[in-house]
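A structural walkthrough
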Amino acid sequence: MNNTNTTNDWLFEITPKNRFFSLNLKEIWQYRDLLFLFVKRDVITVYKQTVLGPLWYLIQPLFTSITFTIIFNNVAGINTGTVPPFLFNLAGITVWNYFTACLNGTSDTFKANAGIFGKVYFPRIITPLSVVISNLIKFGIQFFIFIAFYCYYAIQGRDLSFNSIVLFFPVLILIMGILGLGLGMLISSMVTKYRDFSYLIGFGIQLLMYLSAVMYPMDLIKQKLPNYGWIVTYNPLAYIIETSRYMLLNVGEISILGLCYTVTITIVVFFIGLLVFNKTEKSFIDTV
């Protein structure tokens, strides 16, 4: 029997890519069936063994909005103008919840999927991408609740109206999802080596919520705390929340400069997160 070079017998050879930055949309499209499978898994298994199931999608924003209305509007006296305080808070929380769901779901990618990553090959970015897509379903349910309360207050005769640029609201949600994906990939890569980040995520998100104008107008913080208002103005999430309320409730203001700043930060964070994510996937199995 003649000995031949066995390497020539392989049809495909899977090796780590040398490029640190690679989105490879073509490969993601080739694995689209797996992507949809992960989306289905995320939607079904999250509340599969709970008593209330998908109703938790509704309970969380409703109770949070009620709590914010009591504390920040009734006790602290934050004025929301002609918009009912509950609806004002619900609009901000609905958009904010989509960001936190994307960030929480993607920030543990390597650790939660180490068993799968170590056995089969597929584009690793499919896993965090599936989280962002599956959370759109959760956002859609919560947004439907917002529309239901919007109609209720409109029937009651409250002065409510959508802004003419509300058609661009899906673009705003897309920006929020990309920002959550970028931050999630970055944090997930860091968690593989520094486990402390996993403990700081919950605390950090809570703190970030108060700095993102979720329960108050941006102008209010500038008036009440002029020495610290700059912290909110440098937070890209605050512009997304403020603009979403401007679109949905026609209150507040829209800052073109602030939105350009937000888009720039989102793109930068996404590319940095993707670069670090691609670099980490080559060696994470040794540290997880």
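Because the structure is predicted, anything quoted here is derived from the model rather than measured.

Conventions adopted
- Residues numbered from 1 in each chain as written.
- Predicted model: local features only at pLDDT ≥ 70, side-chain atom pairs only at ≥ 80, totals over all residues.
- Heavy atoms only, no water.
- Patch = residues over 30% accessible without salt bridge, like charges linked within 9 Å, V, L, I, M, F, W, Y side chains within 5 Å.
- Areas by Shrake-Rupley, 256 points an atom, 1.4 Å probe, with all protein chains shown as cover.
- Salt bridge = Lys/Arg side-chain N within 4 Å of Asp/Glu carboxyl O.
- Helix = DSSP H or I, 4+ residues; strand = E, 2+ residues; numbered from the N terminus.
- Expected span 1.5 Å × (residues − 1).
- Bend = angle between axes of the 7 residues up to and from the residue.
- Buried < 20%, exposed > 50% of the residue type's maximum accessible area, 1.4 Å probe, protein only.
- Axes fitted to C-alpha atoms, helices over the stretch in contact; angles between N-to-C directions.
- Parallel < 35°, antiparallel > 145°, perpendicular 65-115°, else oblique.
- Left-handed = near helix turned anticlockwise from the far one by under 90°.
- Contact = heavy atoms within 4.5 Å.
- Nonpolar A, V, L, I, M, F, W, Y, C, P; charged D, E, K, R; others polar.
- pLDDT = per-residue confidence, 0-100.
- Polar contact = N/O pair within 3.5 Å; in protein donor to acceptor, adjacent residues only side chain to side chain.
- Phe/Tyr/Trp six-rings, centres within 6.5 Å; stacked < 30°, edge-to-face > 60°.

Taken together, the side chains of Leu225, Tyr228, Trp230, Ile231 and Tyr234 define a hydrophobic patch exposed on the protein surface, amounting to about 570 Å² of accessible area. By the element assignment, Ile231 lies in helix 11 (residues 229-233).

Across its 20 residues, helix 3 (residues 56-75) extends 27 Å between first and last C-alpha, which sits within 8% of the 28 Å expected from 1.5 Å per residue. Approximately 25° is the largest bend angle found in helix 3, and it occurs at Thr69. What helix 3 keeps buried is the set Tyr57, Pro61, Thr64, Ser65, Phe68, Thr69, Phe72 and Asn73. Just beyond helix 3, the residue with positive phi is Gly77, at close to 75°.

Turning our attention to the packing of helix 3 against helix 7 (residues 126-155). Where helix 3 contacts helix 7, the two axes come as close as 9 Å, and the packing angle between them is 55°. The angle between helix 3 and helix 7 falls in the class oblique. Relative to helix 7, the crossing made by helix 3 is right-handed. Facing helix 3, whose interface residues are Tyr57, Leu58, Gln60, Pro61 and Leu62, helix 7 presents Lys138, Ile141, Gln142, Ile145 and Phe149. For the contact of helix 3 with helix 7, a count of residues per class yields 7 nonpolar, 2 polar and 1 charged.

What follows covers the pattern of salt bridges. Considering all chains together, one arrives at 1 salt bridge under this definition. Close ionic contact of Glu242 with Arg245 constitutes a salt bridge, the shortest N to O distance being 3.3 Å. Placement of the pair is Glu242 and Arg245 together in helix 12 (residues 236-249), with a separation of 3 residues, close to one helical turn. The exposure class of Glu242 is buried, given its relative accessible area of 6%.

Moving on, we come to the environment of Val95. Its location among the elements puts Val95 in helix 4 (residues 85-106). On the basis of relative accessible area, Val95 is assigned to the buried category, the value being 1%. Those residues in contact with Val95, other than ones at most four positions away along the chain, are Phe139, Phe169, Ile173, Met176, Ile240, Ile241 and Ser244.

A few words now on the packing of helix 4 against helix 12. Direction vectors running N to C along helix 4 and helix 12 enclose 130°, while the axes themselves pass 10 Å from each other. Taken as axis vectors, helix 4 and helix 12 run oblique relative to one another. The hand of the helix 4/helix 12 crossing is right-handed. Residues Leu87, Phe88, Ala91, Gly92, Val95, Trp96 and Phe99 of helix 4 touch helix 12, and the partners they reach there are Leu237, Ile240, Ile241, Ser244, Arg245 and Leu249. For the contact of helix 4 with helix 12, the residue count by class is 10 nonpolar, 2 polar and 1 charged.

Moving on, we get to the confidence of the model for the protein. Predicted confidence across the protein gives a mean pLDDT of 83, with 85% of residues reaching 70 or more. Summarising per-element confidence for the protein, the mean pLDDT is lowest in helix 6 (residues 114-117) (74) and highest in helix 12 (94). Confidence drops under pLDDT 50 across residues 1-7; counting only partners more than four residues distant or on other chains, this segment forms 1 contact.

This part takes up the side chain of Asn97. Mapped onto the secondary structure, Asn97 falls in helix 4. Judged by its relative accessible area of 7%, Asn97 is buried. Leaving out residues up to four positions away in the same chain, Asn97 has contacts with Gln60, Pro61 and Gln142.

By the secondary structure assignment, Ser130 is in helix 7. Since its relative accessible area comes to 0%, Ser130 is described here as buried. In terms of polar contacts, Ser130 uses its side chain to reach the backbone carbonyl oxygen of Thr127, at 2.6 Å. Those residues in contact with Ser130 that sit more than four places away from it in its chain are Leu35, Phe38, Val39 and Asp42.

Turning next to the environment of Tyr150. On the secondary structure map, Tyr150 appears in helix 7. Looking at Tyr150, its side chain comes within polar contact range of the main-chain nitrogen of Ser161, at 3.0 Å.

Its location among the elements puts Ile59 in helix 3. The spatial distance from the C-alpha of Ile59 to the C-alpha of Gln142 is 9.5 Å, given a sequence separation of 83 residues.

Take the packing of aromatic side chains next. Counting across every chain of the model gives 15 aromatic pairs. Judged by centre distance (5.8 Å) and plane angle (25°), the ring pair of Phe139 and Phe143 falls under stacked. Linking Phe139 with Phe143, this pair stays in helix 7, spanning 4 residues, or about one helical turn. These aromatic residues form a ring-pair network of at least three members: Tyr98, Phe139, Phe143, Phe146, Tyr150, Phe162 and Phe169.

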